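Structure assessment
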Amino acid sequence: MISSKLLPSETLEIKLQIPEKIKFTPGDYLYLNSREISYLEWHPFNIIRQTSNDEIVLHIKASDSWTKKIYKMVINSFKNQTQIDFDFRIDGPYGSSSKKILNAEHAILIGGGHGISKIASILQDIAMKIRNNSQEVFLKKINLFWLIEDEAYFEWFTKFLDEIESEEKINIFNFNIY
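Description of the structure in this document.

Reading the values: the criteria
Throughout, a residue's number is its position along its own chain's written sequence, starting from 1. With pLDDT at 70 or above as the cut-off, local features in this predicted model cover only qualifying residues; side-chain atom pairs require 80 or more to be listed or tallied, and sums for whole chains, interfaces and linings still use all residues. No hydrogens and no water enter the side-chain calculation; it runs on all heavy atoms of the structure. Where helices and strands are cited, they refer to DSSP runs of H or I of at least four residues and of E of at least two residues respectively, numbered from the N terminus. To get the radius of gyration, use the C-alpha atoms; to get the globule rule, take the number of residues to the power 0.38 and multiply by 2.2 Å. Per-residue accessibility, obtained with a 1.4 Å probe over protein chains only, is compared with the maximum for each type, and a residue is labelled buried under 20%, exposed over 50%, and partly exposed between these values. Contacts are assigned to residue pairs with any non-hydrogen atoms lying within 4.5 Å of each other. Every accessible area reported is derived by Shrake-Rupley at a probe size of 1.4 Å, with residue values counting cover from the shown protein chains alone. Neither His nor the chain ends is counted toward charge; the positive residues are Lys and Arg and the negative residues Asp and Glu. All charge positions are set by atom: Lys at NZ, Arg at CZ, Asp at CG, Glu at CD. By definition here, a salt bridge exists when the distance from a side-chain nitrogen of Lys or Arg to a carboxyl oxygen of Asp or Glu is within 4 Å. In this scheme, strands are said to pair when DSSP sees at least two bridges between them. Where helices are involved, their axes are fitted lines through C-alpha atoms of the stretch in contact, as for all axes, and angles between N-to-C directions lie from 0 to 180°.

**A closer look at the overall build of the protein**
If you tally the helices and strands in the protein, you get four helices and nine strands. Helices and strands in the protein line up, N terminus first, as β-β-β-β-β-α-β-α-β-α-β-α-β. Relative to the 2.2 N^0.38 estimate, which gives 16 Å for 178 residues, the radius of gyration of the protein is 17 Å and therefore close to what a compact globule would have. Taking all 178 residues of the protein together, 44% fall into the buried category. Long-range pairs, those at least 24 residues apart, make up 69% of the contacts in the protein between residues at least 6 apart in sequence. Of the accessible surface of the protein, which amounts to about 10100 Å², a share of 48% is contributed by carbon and sulfur atoms. Across the protein, the centroid of the 21 positively charged side chains sits 3 Å from that of the 24 negatively charged ones.

Spelled out as structure tokens, the structure:
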């Protein structure tokens, strides 16, 4: 793990160095294993984005024993001002259908709960391609429907939406949050 930071709603953002052979597209996911957390258990995470330093960014919501354990370990390291060196093993990435979305004129995306992170990476990719005047994007409109019970996770996602809509040339998004 290269770095970690706290996000709202008991969510961590971690950055991992990408092994050279890993290739992925927005919306892909991978499995992580860390012997510091569980020797046998592998946990799935959506790849949120790739940094300019060839790192991948994952969001970890503290929602089960595996993710709560890593969250507590990171919180304790912040409190004690110590560094944690997780030895993460990666399985994946596994595919998504985000390329099909780029070829459509109108996309309707539906997400539930913290599963919105898969859609977030696709939205970010689309926004970046629009900003760069990419010829790969044929989209004229995206309707997003998000059903959420935990309003705390709403904080992170609305901040994310503000960031991707920050430029005036990106005006294809229509968000519906319930």
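That covers the picture; the talk isn't over yet.
**Comments concerning the pattern of salt bridges**
Counted under the stated rule, the structure contains two salt bridges. Between E13 and K5 there is a salt bridge whose closest N-O contact spans 3.9 Å. In this structure K5 comes out as partly exposed when scored by relative accessible area, which is 42%. Note that R49 and E13 form a salt bridge whose closest N and O atoms lie 3.7 Å from each other. Here the residue R49 occupies a position in strand 4 (residues 38-50), and E13 occupies one in strand 2 (residues 11-17), the gap between them amounting to 36 residues. Judged by relative accessible area, which is 26%, R49 ranks as partly exposed.

**Some points on the sheet that holds strand 3 (residues 29-34)**
One open sheet holds the six strands; their spatial order is 1-2-5-4-3-6, and the pairing between them is antiparallel. The sheet is open, and its two borders are formed by strand 1 (3-7) and strand 6 (88-94), each paired with just one other strand. With direction set aside, neighbouring strand axes in the sheet form an average angle of 30°.

Remember, this is a structural readout, not a statement about activity or role.
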